[in-house]
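Here are the chains, one letter per residue:
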Amino acid sequence: MRQAARRAVGIGGAGAVAIGAMLALALPASAHTHNHSAGCNTNTDKIEYNLDLEQYQTTFNGKPIKNTVNVTDNTTGDVIVNNDDFGTKLVSTLPVPGDVTVEHKFTIVVVAGDDKDIKNGQGKKGFSFTAYDTASPCPPPSSSSSSPPPSDSSVPPSQPPSSQPSSVPPPTSNTTTAPPTTTTTTAVVAAATTTPGSGSLPFTGVNTALPLGIAGLLVVAGGGILFWLRFKARRA
């Protein structure tokens, strides 16, 4: 009976340790983050759409899954992103074609492979979602007023012809006028690229302190039970 009781206690302690480890390892798996926005880039006077999808999963229950994103410009009907499989992350700034002087409205649809049970565009876990963004028009370019050309004060007023012949030859001008210099500034437009995110795990609204504390207590309790069983076995 004592041996059976010891076995039961040992199995329970090992189970507590295993459960604590599983809780600690499962916490980062729920850290899906998604940010998206649209607006006018005042440096380039272009409409842009910003995507920041990170910490998504590519496997679920041991099977490979896909995470897709679709962005449509409802104002022009253009598809900015067409059902792109972004894997674990997609961080990109996308140029938007069309008239920049009008408002643009967008629809974004994200489907996560581990949250496919969608109702009205919303996944049960919140990893899959449908959202809407609006970009305000870019400001019109400023018009510069034209000023009249400056008068050349160095040119003397015309004199009436003299009735007396003059033996002094007219002065020659040695002034050389340099041609105007034209400076051309070439705007460099950076192509939208997908860059991986970096840094610590973003906050997803879940308080991880309590589960980690429970996991730690379970590990300590399991270790204590195993130590007590070995001590009792040696004494016996």
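One numbering rule holds for all chains: residues counted from 1, following each sequence as written. Reporting of local features is limited, given that this is a predicted model, to residues whose pLDDT is at least 70; pairs of side-chain atoms are given and counted only at 80 or more, and all residues count toward the totals for whole chains, interfaces and linings. Side-chain descriptors were evaluated using all non-hydrogen atoms of the structure, hydrogens and water having been removed beforehand.

Bringing unusual backbone geometry into the picture now. Phi angles above zero are rare outside glycine, and Asn61 is one such case at about 55 degrees. Among the secondary structure elements, Asn61 is positioned in the loop between β3 (59-60) and β4 (63-64). The helix count covers DSSP runs of H or I at least four residues long, the strand count covers runs of E at least two residues long, and both are numbered beginning at the N terminus.

Let us now look at the sheet that holds strand β2 (residues 46-54). Each pair of strands is called paired provided DSSP finds at least two bridges between the two strands. Judged by pairing direction, the sheet is antiparallel, and its three strands sit side by side in the order β1-β2-β7 without closing on themselves. Each edge of the sheet is formed by a strand with only one pairing partner; in this case those strands are β1 (33-41) and β7 (90-95). Going across the sheet, the axis of each strand differs from the next one's by a mean of 10 degrees, ignoring polarity. Think of each axis as a best-fit line through the C-alpha atoms, taken over the contacting stretch in the case of a helix, with angles from 0 to 180 degrees between the N-to-C directions.

Moving on to the environment of Asn70. Looking at where Asn70 falls in the secondary structure, it is placed in strand β5 (residues 68-73). Burial status follows relative accessibility: with a 1.4 Å probe on protein chains alone, a residue under 20% of its type maximum counts as buried, one over 50% as exposed, and anything between as partly exposed. Look at Asn70 and you get partly exposed, because its relative accessible area is 22%. Counted as a polar contact is a pair of N or O atoms within 3.5 Å, where, for protein atoms, one must be capable of donating a hydrogen and the other of accepting one, and residues adjacent in sequence contribute only when both atoms are in side chains. In terms of polar contacts, Asn70 uses its side chain to reach the side chain of Thr72, at 3.3 Å.

With that settled, consider the pairing of strand β6 (residues 79-85). Direction of pairing for β5 relative to β6: antiparallel, over a ladder of four bridges. Across the sheet, Val69 pairs through a bridge with Asp84, a residue of β6. Hairpin remark: β5 followed by β6, antiparallel, with five residues in the connecting loop; positive phi at Gly77, about 85 degrees.

A word on the packing of aromatic side chains. The criterion for an aromatic pair is that two Phe, Tyr or Trp rings (for Trp, the six-membered ring) have centres within 6.5 Å, with stacked assigned to planes under 30 degrees apart, edge-to-face to planes over 60 apart and tilted to the rest. Taken as a whole, this structure holds two aromatic pairs when the rule is applied. Aromatic pair Tyr49 and Phe106: ring centres 5.2 Å apart, planes at 55 degrees, arrangement tilted. With a gap of 57 residues between them, Tyr49 in strand β2 and Phe106 in strand β8 (residues 104-111) connect regions that are remote in the sequence. Neither residue differs from the other here; Tyr49 and Phe106 are each classed as buried. Judged by centre distance (5.2 Å) and plane angle (80 degrees), the rings of Tyr56 and Phe86 are edge-to-face. In this pair, Tyr56 sits in the loop between β2 and β3 while Phe86 sits in the loop between β6 and β7, placing the two residues 30 residues apart along the sequence.

One open sheet accounts for four strands, arranged β6-β5-β8-β11; its pairing is antiparallel. On the outer flanks of this sheet lie β6 and β11 (129-135), each paired with one strand and no other. For this sheet the average axis-to-axis angle between neighbouring strands, irrespective of direction, equals 15 degrees.

For soluble globular proteins, nonpolar side chains are generally found buried alongside one another. By convention a nonpolar core is built from buried Ala, Val, Leu, Ile, Met, Phe, Trp, Tyr and Cys residues, the set being connected through side-chain atoms within 4.5 Å. Counting 23 residues, the largest nonpolar core has Leu51, Val69, Val71, Phe106 and Ile108 as its most contacted members. Breaking this core down by element, the ones donating at least two residues are β2, β5, β6, β7, β8 and β11. For this core, the element with the most residues is β2, which contributes four residues.

On average, residues of the chain score 73 in pLDDT, and 56% of them reach the 70 mark or higher. By mean pLDDT, the top-scoring element of the chain is β2 (97), and the lowest-scoring one is helix α1 (residues 2-26) (53). Residue-level confidence of the predictor is what pLDDT reports, using numbers from 0 through 100. The contact criterion used throughout is that any non-hydrogen atoms of two residues lie within 4.5 Å. Taken together, the stretch residues 23-29 has pLDDT below 50 and engages in seven contacts with residues farther than four places along the chain or on a different chain.

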